[in-house]
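# Results of the structural survey
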Amino acid sequence: MMAPDLIAPSILSADFARLGEEVDHVLAAGADIVHFDVMDNHYVPNLTIGPLVCEALRKHGVTAPIDVHLMVKPVDRIIPDFAAAGATYITFHPEASEHIDRTLQLIRNEGCKAGLVFNPATSLSYLDYVMDKVDMVLLMSVNPGFGGQSFIPETMEKLRQARKLIDASGLEIRLEVDGGVKADNIGAIKAAGADTFVSGSGIFGKGRDSDPHRYDSIIQEMRQELAR
Ligand SMILES: O=C(CO)[C@@H](O)[C@H](O)COP(=O)(O)O
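Residues numbered from 1 in each chain as written. Predicted model: local features only at pLDDT ≥ 70, side-chain atom pairs only at ≥ 80, totals over all residues.

### Quick notes on the sheet that holds strand β7 (residues 174-178)
The following threshold applies: Each pair of strands is called paired provided DSSP finds at least two bridges between the two strands. Here a strand is any run of E in DSSP of at least two residues, a helix any run of H or I of at least four, and the numbering for each starts at the N terminus. Angles run from 0 to 180 degrees between N-to-C directions of axes, and those axes are lines fitted to C-alpha atoms, restricted for helices to the stretch in contact.
The strand order across the open sheet built from eight strands is β1-β8-β7-β6-β5-β4-β3-β2, with neighbouring strands paired in parallel fashion. Looking at strand neighbours, the two that pair on one side only are β1 (6-9) and β2 (34-39), the edges of this open sheet. Neighbour-to-neighbour, the strand axes of the sheet open up by a mean angle of 25°, direction not taken into account. Of the strand pairs in this sheet, strand β3 (residues 66-71) and strand β4 (residues 89-92) are connected by four bridges, and their pairing is parallel. Paired with V68 across the two strands is I90, which belongs to β4.

Next up, the structure:
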């Protein structure tokens, strides 16, 4: 049975100068979880935010789950810091770990939910021997590093394959998709098997407009598309 849909605004596209307020607004508008992109200018060609910002959001009063997507290599050293900072999910790329099984166990041992992230050209076979140690499978529908890119259509078939693997496992594993997700394709992405939808520019937009009601209407529109 499919888990309830979760909408996860990617704060990469938020106004960082007003981050707490931006997160409050998207959550008040009906978003379910906060997607938190960590880039190290090494694994990906961009540099973003770390555990201090995650902790600051918790101190600000954010109680919603925080879904930390680590685009960081090597990855293990930073995991305890994010757990201490209040991360709920911690996901990482298999290419960024020398010992995938160990990294997944480390995340769970730190009290967080663990996930593996698949770039568009990364094989789902990385799941083969670790399915029982995974709480989330995240399929990138763009190459990681930047917001505002276009959804790669081949992701639809990969989502169908991942959905089959998850259903066959009988385990409670979320299937998240990230990159180019907007109100006009979210319905088709759900139909392909996703249950967790990351959207950055699709929710925050490019204009960095501070009108919070904009978030109400876009998240409502996404919910309507998901309910079709
Ligand atoms: O991890 C990433 C990019 O590497 C994403 O979370 C982006 O932030 C998604 O942005 P949009 O494609 O939705 O604008």
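### Thoughts on the environment of V130
What counts here: Around each residue's C-beta, the other C-beta atoms within 10 Å are counted; 20 or more make the residue buried, 12 or fewer make it exposed, and counts in between make it partly exposed. All C-beta atoms are placed from the backbone. Note on contacts: residues are paired as contacts if their backbone-placed C-beta atoms lie within 7 Å.
For V130, the position within the fold is in the loop between β5 (113-118) and β6 (136-140). Under the C-beta neighbour-count criterion, V130 is labelled partly exposed, with 16 such atoms within 10 Å. Spatially, the C-alpha atom of V130 lies 20 Å from that of K73, the residues being 57 residues apart in sequence. Leave out the neighbours within four places in its chain, and V130 touches I100, D101 and L104.

### Quick look at helix α8 (residues 213-227)
Along an α-helix, residues three or four apart share an orientation, since each turn contains 3.6 residues. Operational definition: Helix span is expected to be 1.5 Å times the residue number reduced by one. By construction, the arc corresponds to the directions joining the helix axis to the C-beta atoms.
The end-to-end C-alpha separation of α8 is 21 Å, in line with the 21 Å expected for 15 residues at 1.5 Å each. Those residues of α8 lying buried are Y215, I218, I219, M222 and L226. Angular distribution of buried residues about the axis of α8 spans 95°; they occupy a single face of the element. For α8, the exposed residues set more than 90 degrees away from the buried face come down to H213, S217, Q224 and A227. Close packing links the buried residues of α8 with β1, α1 (19-28), α6 (186-191) and α7 (201-204).

### Some details on the site of the ligand
This is how it is decided: The rule is simple: place the C-beta atom from the backbone, and if it lies within 6 Å of a molecule or strand, the residue is near it.
Close to the ligand lie 22 residues; S10, P144, G147, G200 and S201 are nearest. Secondary-structure elements contributing two or more residues to the shell around the ligand are β2, β8 (196-199) and α7.

### As for the UniProt feature "binding site: substrate" (unreviewed entry) in the protein chain
How we decide: UniProt positions are given in the numbering used here, feature names are shortened, and annotations may be inferred rather than shown by experiment.
When the UniProt feature table is mapped onto this chain numbering, "binding site: substrate" (unreviewed entry) sits at S10, H69, G145, F146, G147, G148, D178, G179, G180, G200 and S201. Counting through the fold element by element, G148 comes out in the loop between β6 and α5 (155-169). Structurally, G200 can be placed in the loop between β8 and α7. With 24 C-beta atoms counted inside 10 Å, the residue G200 sits in the buried group. Apart from the residues lying within four places of it in its own chain, the contact partners of G200 are S10, L12, S13 and G147.

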